[in-house]
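# Results of the structural survey
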Amino acid sequence: MTDLMAFGQQQANQDEKNIWLSAGKPQFAVPTCDDGLLWETWMSMLHFPTLTVADELGLFPLIAEAPKTAFQVRESLYLSERATEALLGVMTSLGYLVQQNGKFNLTQVSRNFLLPQSPCYWGGMLKLMANNPLSHSVLLEALTNDRSSVYQEQDVWEAHEVEVEKAKLFTGAMQSMTMPGALGLANHGNFTGIKRLLDVGGGSAAVSVALAQRYPQMQCTILDLPVVCEIASSYISKAGLSNRIDTYSANFFTDAFPTNYDAILFSNIFHDWGYEKCQHLAKSSFEALPKGGRIYLHEMLLNDTKDAPIAATSYSMCMIWWTQGKQYTASEVNQLLQEVGFVDISITSTHSYFSLVCATKP
């Protein structure tokens, strides 16, 4: 049977070769598949910039007032007919708008995440990407040098320490894309019994705010760089939680973790770093936690073969562009936590592509 299979594969390879060669000369022939995937991939480069432009133009708040015809959108946004047609066409085909009886209306995704008044508005991330557009040369540099190229030669975190405006823009982006997942984490994760939680690299405090609202008995602390702690304080104040969430300025690689917490959380932090640095963070957590204390990791996990889901594989590419890290598989996270001594590891799906990993110090 094996010989027959091998022969069949050789014949298939020869048949494919014969499609393109006749008497050793290249021939025009029908491909064995169409090139739709190439078209979809090429056109996808326009999707996110079109979304950021639609956001900047105010398309979604405009349509939120009442469904609009293409002519009404055109008149309100001062666009040409063909520009309006292209903008509405892309936003509708992607699922951000729906057209009924000649009028465009918002979908649930747009109502939840693309209106400035929404607590889950993605505007911060849209603004960050509009200010730091990805190009072929930037990505090629990041891949070939195996280091972030978003700020040229500057490390992302070092740049944020010395340039407050960059730190504000980045933290605002993290706030906007973290809040939906933070609510999912608070609703689906098990934090029962946790009274004091250390949110390492907590940024804008989005996750701590969601947890504090869900668990009235919980006190949270944001551990982050001084400039980020200052920014976080304003978000905490706006949420009305200054009495339950505070900040602790530190470098989580060079400074010891405070020890008066029964849980330590890393939300979208491990994916910023390589395995050894993540191991260091896990070890620091293990040493700081009391017996029975818990570590939580909130991450978008890859499958075991690291080729799906597409959001996670693409997020790994984004980490090449922005950080020193990558997305991890569940097996890699399990191994990392076990190596430093954690037990009772569990994984819970929380929101969209995200999962919450929980482990206990024995």
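It should be noted that the structure appears before, not after, this text.
Structure report, in brief. Per-chain numbering applies: the sequence of each chain, read as written, is numbered from 1 onward. Note on the predicted model: pLDDT of at least 70 is required for a residue's local features to be given, and 80 or more for side-chain atom pairs to be given and counted; whole-chain, interface and lining totals, by contrast, use all residues. Note that the side-chain values use all heavy atoms of the structure and ignore hydrogens as well as water.

## Some remarks on the packing of aromatic side chains
Each aromatic ring pair is summarised here by two numbers: the centre-to-centre distance and the angle between the ring planes. Basically, it comes down to this: Classification of ring pairs rests on two measures: the distance between centres of Phe, Tyr or Trp rings, Trp counted by its six-membered ring, which must be within 6.5 Å, and the angle between planes, read as stacked under 30 degrees, edge-to-face over 60 and tilted in between. Strands here mean DSSP runs of E at least two residues long; helices mean DSSP runs of H or I at least four residues long; both are numbered from the N terminus. Each residue is assigned to one of three classes by its accessible area relative to the maximum for its type, calculated with a 1.4 Å probe on protein chains only: buried under 20%, partly exposed between the two thresholds, exposed over 50%. Distance and angle both matter: a charge sits over a ring if NZ of Lys or CZ of Arg is within 6 Å of the ring centre and within 35 degrees of the ring normal.
In the structure shown here, the tally under the stated rule is 14 aromatic pairs. Between Phe-170 and Trp-322, the aromatic rings sit 5.8 Å apart at their centres with planes inclined by 40°, giving tilted as the arrangement. Residue Phe-170 is located in helix H11 (residues 164-188), and its partner Trp-322 is located in helix H15 (residues 310-322); the two are separated by 152 residues in the primary sequence. Of the two residues, Phe-170 and Trp-322, neither departs from the other in class, the shared state being buried. Arranged with centres 4.7 Å apart and planes meeting at 85°, the rings of Phe-253 and Trp-273 form a pair that is edge-to-face. Of this pair, Phe-253 sits in the loop between strand E7 (245-249) and strand E8 (263-267) while Trp-273 sits in the loop between E8 and helix H14 (275-288), and the two are 20 residues apart along the sequence. Through a chain of ring-to-ring contacts, three or more aromatic side chains come together here, namely Tyr-151, Trp-157, Phe-170, Phe-252, Phe-253, Trp-273, Trp-321 and Trp-322. Between the NZ or CZ atom of Lys-277 and the centre of the ring of Phe-253, over which it lies, the distance is 5.3 Å. Sitting over the face of the ring of Phe-286, Lys-361 holds its NZ or CZ atom 4.9 Å from the ring centroid.

## Structural notes on the side chain of Ser-110
Heads up, the rule is: Residues adjacent in sequence count toward polar contacts only when both atoms are side-chain atoms; beyond that, a polar contact is any pair of N or O atoms within 3.5 Å, and within protein one must be able to donate a hydrogen and the other to accept it.
If you trace the backbone, Ser-110 turns up in helix H7 (residues 108-113). In this structure the side chain of Ser-110 is engaged in a polar contact, spanning 2.5 Å, whose partner is the backbone oxygen of Tyr-96.

## Looking at the sheet that holds strand E6 (residues 219-224)
Applied cut-off: We call two strands paired when DSSP finds no fewer than two bridges between them. To obtain an axis, a line is fitted to C-alpha atoms, over the contacting stretch when the element is a helix, and the angle between two such axes runs from 0 to 180 degrees between their N-to-C directions. Throughout, a contact is declared for two residues whenever any of their heavy atoms are within 4.5 Å.
Spatially, E7-E6-E5-E8-E9-E11-E10 is the arrangement adopted by the seven strands of the open sheet, whose pairing is mixed. Because the sheet does not close on itself, it has two edges, and the strands there are E7 and strand E10 (343-351). Strand-to-strand twist of the sheet, defined as the mean angle between neighbouring strand axes without regard to direction, takes the value 20°. Relative to strand E11 (residues 354-360), strand E9 (residues 294-300) is paired through seven bridges, and the arrangement is antiparallel. Paired with His-298 across the strands is Leu-356, a residue of E11. Seen against the sheet, helix H12 (residues 206-214) touches strand E5 (196-200), E6, E7 and E8 and runs at an angle of roughly 160° to E5.

## Some details on the nonpolar core
Taken as a class, soluble globular proteins show a tendency for nonpolar side chains to be buried jointly. To be explicit about the condition: Here the nonpolar core consists of buried residues drawn from Ala, Val, Leu, Ile, Met, Phe, Trp, Tyr and Cys, with membership extended through side-chain atoms lying within 4.5 Å.
Judged by nonpolar contacts, the single largest core of 50 residues is most densely connected at Phe-257, Phe-266, Trp-322 and Leu-337. By size, the runner-up hydrophobic cluster in this structure holds 27 residues, among which are Cys-120, Phe-191, Ala-206 and Leu-356.

## With respect to the layout of surface pockets
To be explicit about the condition: Only protein atoms enter the 1 Å grid used here, on which a cavity is any set of points holding a 1.4 Å probe that cannot leave and a pocket is any open set flanked by protein within 12 Å on both sides along at least five of seven lines; residues with an atom within 4 Å of a point are listed as lining. Grid points are joined across faces, edges and corners, and a volume is the space filled by probe spheres set on the points. Under the scheme applied here, ten amino acids are nonpolar (Ala, Val, Leu, Ile, Met, Phe, Trp, Tyr, Cys and Pro), four are charged (Asp, Glu, Lys and Arg), and all others, including Gly, are polar.
The calculated volume of the second largest pocket comes to roughly 270 Å³. Together, 13 residues line the second largest pocket, and Gly-124, Gly-172, Gln-175, Ser-176 and Tyr-235 are the ones closest to its centre. Those elements that provide at least two residues to the lining of the second largest pocket are helix H8 (123-131) and H11. No other element matches the six residues that H11 contributes to the lining of the second largest pocket. A breakdown of the residues in the lining of the second largest pocket according to their chemical character gives six nonpolar, five polar and two charged.

## Some words on unusual backbone geometry
Of note, the bond from Ala-308 into Pro-309 is cis; its omega dihedral lies within 30 degrees of zero at -10°. Turning to its location among the elements, Pro-309 is positioned in the loop between E9 and H15. The phi angle at Asp-146 is positive, at roughly 55°, despite the residue not being glycine. In this structure, Asp-146 sits in the loop between helix H9 (136-145) and helix H10 (156-162). A residue is classified by how much of its surface remains accessible, and Asp-146, at 62% relative accessible area, is exposed.

## Thoughts on the pairing of E7
The cut-off we apply is this: With the strands pointing away from the viewer, any crossover whose connection runs clockwise from the first strand over the helix to the second is right-handed.
Both E6 and E7 contribute to a ladder of five bridges, which runs parallel. Along E7, the bridge assignment pairs Thr-221 with Asp-246. Viewed along the sheet, the connection from E6 through helix H13 (residues 226-238) into E7 turns out right-handed.

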